[in-house]
Amino acid sequence: MKILVLNGPNLNMLGIREPSIYGRQDYSALVDFVKNAAQELSCEVEVRQSNHEGVLVDWIQEAYGKFDGIVINPAAYTHTSVAILDALKAAGLPTVEVHLSDIMQREEFRHISYAGMACKTTFKGLGFEGYSKALEYLMLNR
Ligand code: DQA
């Protein structure tokens, strides 16, 4: 199984960015964590990050026919992007949403997730662990 792991804006700033919310580990530690989790689950992963909505839309579209599933943390675009929701629906791949923090316990504007409407499930508030849970979910529910 080949899974595309997508990370949205400002996740490249992990470790520096609001460590009380997102932790002290940096983005490269997240990438290592996801790759190790994939290895343990015997699945193939490609991990990408972009600060640009259109780039994320392009990658979701390109995943069609190339990947068997998507794990996505759309970051701030979670709460704003109908374009990402539509791209996920268009590609039609099984998709799981991940958030490092628990968006439901934060500001009200973070409670809505457009991307989540096209996702099988969401793992939130589990830090890096949410990504391994998401990979596991896709492996078990294919
Ligand atoms: C986030 C939560 C979002 O609300 C926020 O904009 C992010 C990160 C998370 O992983 O907890 O950038 O997706």
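Preceding block: the structure.
The present account deals with the structure reproduced in this document.

### Let's talk about the overall build of the protein chain
So, step 1. On a plain count of helices and strands, the protein chain comes out with 5 helices and 5 strands.
So, step 2. Written out in order from the N terminus, the α and β elements of the protein chain read β-α-α-β-α-β-α-β-β-α.
So, step 3. By its C-alpha atoms, the protein chain is 40 × 35 × 25 Å across when sized along the principal axes.
So, step 4. Here the protein chain, with 142 residues, has 49% of them falling under the buried criterion.
So, step 5. Long-range pairs, those at least 24 residues apart, make up 75% of the contacts in the protein chain between residues at least 6 apart in sequence.
So, step 6. Here the protein chain has roughly 7100 Å² of accessible surface; of this, 47% comes from carbon and sulfur atoms.

### Focus: the pattern of salt bridges
So, step 1. Within this structure, the stated rule accounts for 3 salt bridges.
So, step 2. One salt bridge in this structure joins R48 and E46, with 2.6 Å as the shortest N-O distance.
So, step 3. Note that E107 is salt-bridged to R110, the shortest N-O span being 2.7 Å.
So, step 4. Of the residues examined, E107 reaches a relative accessible area of 35% and is grouped as partly exposed.
So, step 5. Connected via shared salt-bridge partners are R106, E107 and R110.

### A closer look at the site of the ligand
So, step 1. The local shell around the ligand consists of R17, Y22, N73, A75, A76, H79, H99, L100, S101, I103, R106 and R110.
So, step 2. Between an oxygen atom of the ligand and a main-chain N or O atom of L100, the distance comes to 2.8 Å.
So, step 3. Within the contact set of the ligand, an oxygen atom lies 2.6 Å away from a side-chain nitrogen or oxygen of S101.
So, step 4. For the ligand, whose unbound accessible area comes to 320 Å², protein coverage reaches 98%.
So, step 5. Here the shell around the ligand is composed, by residue class, of 5 nonpolar, 4 polar and 3 charged.

Definitions and limits used
Residues numbered from 1 in each chain as written. Predicted model: local features only at pLDDT ≥ 70, side-chain atom pairs only at ≥ 80, totals over all residues. Heavy atoms only, no water. Helix = DSSP H or I, 4+ residues; strand = E, 2+ residues; numbered from the N terminus. Buried < 20%, exposed > 50% of the residue type's maximum accessible area, 1.4 Å probe, protein only. Contact = heavy atoms within 4.5 Å. Areas by Shrake-Rupley, 256 points an atom, 1.4 Å probe, with all protein chains shown as cover. Salt bridge = Lys/Arg side-chain N within 4 Å of Asp/Glu carboxyl O. Near = heavy atom within 4 Å. Polar contact = N/O pair within 3.5 Å; in protein donor to acceptor, adjacent residues only side chain to side chain. Nonpolar A, V, L, I, M, F, W, Y, C, P; charged D, E, K, R; others polar.

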